[in-house]
Amino acid sequence: MIIQTQLIVPTRGRGSYEITDRIQRAVRDSGIRTGICHVFIRHTSASLMLCENADPAVRRDLETFMARQVPDGDPMWSHTAEGADDMPAHVRSVLTQSDLNLPIADGCCALGTWQGVYVWEHRHAGHERNVILTISGKR
Amino acid sequence: MIIQTQLIVPTRGRGSYEITDRIQRAVRDSGIRTGICHVFIRHTSASLMLCENADPAVRRDLETFMARQVPDGDPMWSHTAEGADDMPAHVRSVLTQSDLNLPIADGCCALGTWQGVYVWEHRHAGHERNVILTISGKR
Amino acid sequence: MIIQTQLIVPTRGRGSYEITDRIQRAVRDSGIRTGICHVFIRHTSASLMLCENADPAVRRDLETFMARQVPDGDPMWSHTAEGADDMPAHVRSVLTQSDLNLPIADGCCALGTWQGVYVWEHRHAGHERNVILTISGKR
């Protein structure tokens, strides 16, 4: 069987926002015991990330790293219609994930102990981000 | 149900080639209304990218970025059998995607307004790139 | 139908470890002829990579590249509880893949001639890495 649902994820600007619990709840509600939960973000300036979920410094360091590798306002960017963070947001999205698949075992996503799922907002302004979950498998 | 088909994507050297319409047509032809379309590229010197599809400058800037991060002919490369772009093509592939999953809703891929699917050729010479679509779900 | 199984992949520290044959065997054992093999690694300091499988220099060059882009012991890292390679391991994981989907055709993964699947250990110490395979499709 297959079930599709949508998450609206409001962001308050650049940074990562955990959605693990919302995904686990949707999987539990589906009644599927063995299968796959597909997570898809319908944007090109925000992305998905599976990341260490215990120490917030990990996600801060990831921001620092990305800011150095893909600098806002770099003179190499020609696509700047929406500002200094416009093109960096697209590059950061391309370097990370727009979709993830999580295995479902015993009725929930079989993540490792330290794995959390995050929406990574790459723009400085807040947005409402649209995520589609497609949950398939057997009960 | 599950349907598999193949796309041959001819490239004219380094750059990105949109395949969104061909994917949407294959999904429509499958008759599947709710499910997943899996896209897989059978190469390690070309990759897949979900990218902003409105302003071609975005994809030009992505080329500029990759050329700076993963330079052709860098002395650090030891794998140079096929030339200065051989190893950079493998690195660019590893940093982007070899497979993508797109949610199918109402009989087509539920992409965001600005999302297009591209084959990203990383070699300077043109190639015929082989892409497998596996479309699964319910009618 | 859908079948789930687990691979334990012992590593001897930083480097890539091929698991293509183990995946192909699991797919063959499943009896599924057309479908998808999902590969998921339950860690945030090791990842998955589809890479050229003929010349070992390719994977050595990838290590050299990553060591330059994401340096061990860089003063920008604040998350250093487990040492100089702790945060770089998380960044390398985020820049590569935690899950891969491989198309199954004629009863095996339809990889390209030069494509191999690797667990990429990013820590200097060896670990036992846990990989879940979820194989779905029709016989």
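**Looking at the overall build of chain A**
On a plain count of helices and strands, chain A comes out with three helices and eight strands. Tracing chain A from N to C terminus, the helices and strands come up as β-β-α-β-β-α-α-β-β-β-β. Relative to the 2.2 N^0.38 estimate, which gives 14 Å for 139 residues, the radius of gyration of chain A is 16 Å and therefore close to what a compact globule would have. Here chain A holds 139 residues, and the buried ones make up 65% of them. Taking as baseline every contact in chain A between residues at least 6 positions apart, the subset at least 24 positions apart corresponds to 83%. In the form shown here, chain A has an accessible surface area of approximately 5100 Å², with 48% of it arising from carbon and sulfur atoms. Positive and negative charge centroids in chain A, built from 15 and 16 side chains respectively, lie 6 Å apart.

**Quick look at the packing of helix H3 (residues 86-95) of chain B against helix H2 (residues 56-69) of chain C**
The relative placement of two packed helices comes down to the angle between their axes together with the axis-to-axis distance. It is the contact of H3 of chain B with H2 of chain C, at a shortest axis distance of 10 Å, that shows an interaxial angle of 65 degrees. The angle between H3 of chain B and H2 of chain C falls in the class roughly perpendicular. In this structure, H3 of chain B meets H2 of chain C at a crossing whose hand is right-handed. Contacts between H3 of chain B and H2 of chain C involve Met87, His90, Val91, Val94 and Leu95 of chain B from the former and Val58, Asp61, Leu62, Phe65 and Met66 of chain C from the latter. The class makeup of the residues in the contact of H3 of chain B with H2 of chain C is eight nonpolar, one polar and one charged.

**So, the environment of Asn53 of chain A**
Residue and element names in this part refer to chain A. Residue placement: Asn53 occurs in the loop between strand E4 (46-52) and helix H2 (56-69). Sequence spacing of Asn53 and Ala81 is 28 residues, and the spatial spacing of their C-alpha atoms is 35 Å. When sequence neighbours within four positions are dropped, the list of residues in contact with Asn53 reads Glu18, Thr113, Trp114, Gln115, Gly116 and Tyr118.

**Details of the relation of the copies chain A and chain B**
When chain A is brought onto chain B, the operation consists of a screw motion whose angular component is 120 degrees and whose axial shift is 0.0 Å, with 0.0 Å RMSD remaining. The transformation just described matches what one would write down for a three-fold rotation axis. Closest approach to the rotation axis among the C-alpha atoms of chain A is made by Leu95 of chain A, whose C-alpha sits 3.6 Å away. Interface residue correspondence from chain A to chain B reaches only 18%, placing this contact among heterologous pairings that use different surfaces.

**Some words on the relation of the copies chain B and chain C**
Rotating chain B by 120 degrees and translating it 0.0 Å along the rotation axis places it on chain C, where the RMSD comes to 0.0 Å. Comparing interface residues between copies, only 18% of those in chain B also sit at the interface in chain C, which points to a heterologous contact through distinct surfaces.

**A short note on the sheet that holds strand E6 (residues 108-109) of chain B**
Residues and elements named next belong to chain B. One open sheet accounts for five strands, arranged E1-E8-E3-E5-E6; its pairing is antiparallel. Of all the strands in the sheet, the pair left with one neighbour each is strand E1 (2-10) and E6. In this structure, E1 lies alongside strand E8 (residues 128-138), joined through nine bridges in antiparallel fashion. Bridge assignment links Ile2 to a residue of E8, and that residue is Ser136. Relative to E1, helix H1 (residues 20-30) is tilted by about 155 degrees, and along the sheet it contacts E1, strand E3 (34-41), strand E5 (99-105), E6 and E8.

Basis of the calculations
- Along each chain, numbering runs from 1 in the same order as the chain's sequence is written.
- The lettering of chains begins at A and the numbering of ligands begins at 1, in the order of writing.
- In view of the model being predicted, local features appear only for residues whose pLDDT reaches at least 70, and side-chain atom pairs are presented and counted only at 80 or more, with totals across whole chains, interfaces and linings using the full set of residues.
- Values reported for side chains reflect all heavy atoms of the structure, with hydrogen atoms and water molecules removed beforehand.
- Only DSSP runs of H or I covering at least 4 residues are called helices, and only runs of E covering at least 2 are called strands; the numbering of each starts at the N terminus.
- Based on C-alpha atoms, the radius of gyration is set beside the globule rule, defined as 2.2 Å times the residue count to the power 0.38.
- Only protein chains enter the accessibility calculation, which uses a 1.4 Å probe; a residue whose area is less than 20% of its type maximum is buried, one above 50% is exposed, and one in between is partly exposed.
- Contact definition: two residues touch when any of their heavy atoms are within 4.5 Å.
- For accessible areas, the Shrake-Rupley method is used with a probe of radius 1.4 Å. Any residue's cover is judged against the shown protein chains and nothing else.
- In this charge count, Lys and Arg are treated as positive and Asp and Glu as negative; neither His nor the chain ends contribute.
- A charge is said to be at NZ when it belongs to Lys, at CZ for Arg, at CG for Asp and at CD for Glu.
- Here the axes come from fitting lines to C-alpha atoms, over the contacting stretch only for helices, and the angles between their N-to-C directions go from 0 to 180 degrees.
- For classification purposes, an angle smaller than 35 degrees is called roughly parallel, one larger than 145 roughly antiparallel, one from 65 to 115 roughly perpendicular, and anything else oblique.
- Working rule for handedness: look at the near helix, and if it is turned counterclockwise from the far one by less than a right angle, call the crossing left-handed; if clockwise, right-handed.
- For this scheme, ten residues count as nonpolar: Ala, Val, Leu, Ile, Met, Phe, Trp, Tyr, Cys and Pro. Four count as charged, namely Asp, Glu, Lys and Arg, and the remainder, Gly too, count as polar.
- Copy-to-copy superposition: least squares on the C-alpha atoms, limited to residues that have pLDDT of at least 70 in both copies.
- At least two bridges found by DSSP between two strands are what make those strands a pair.

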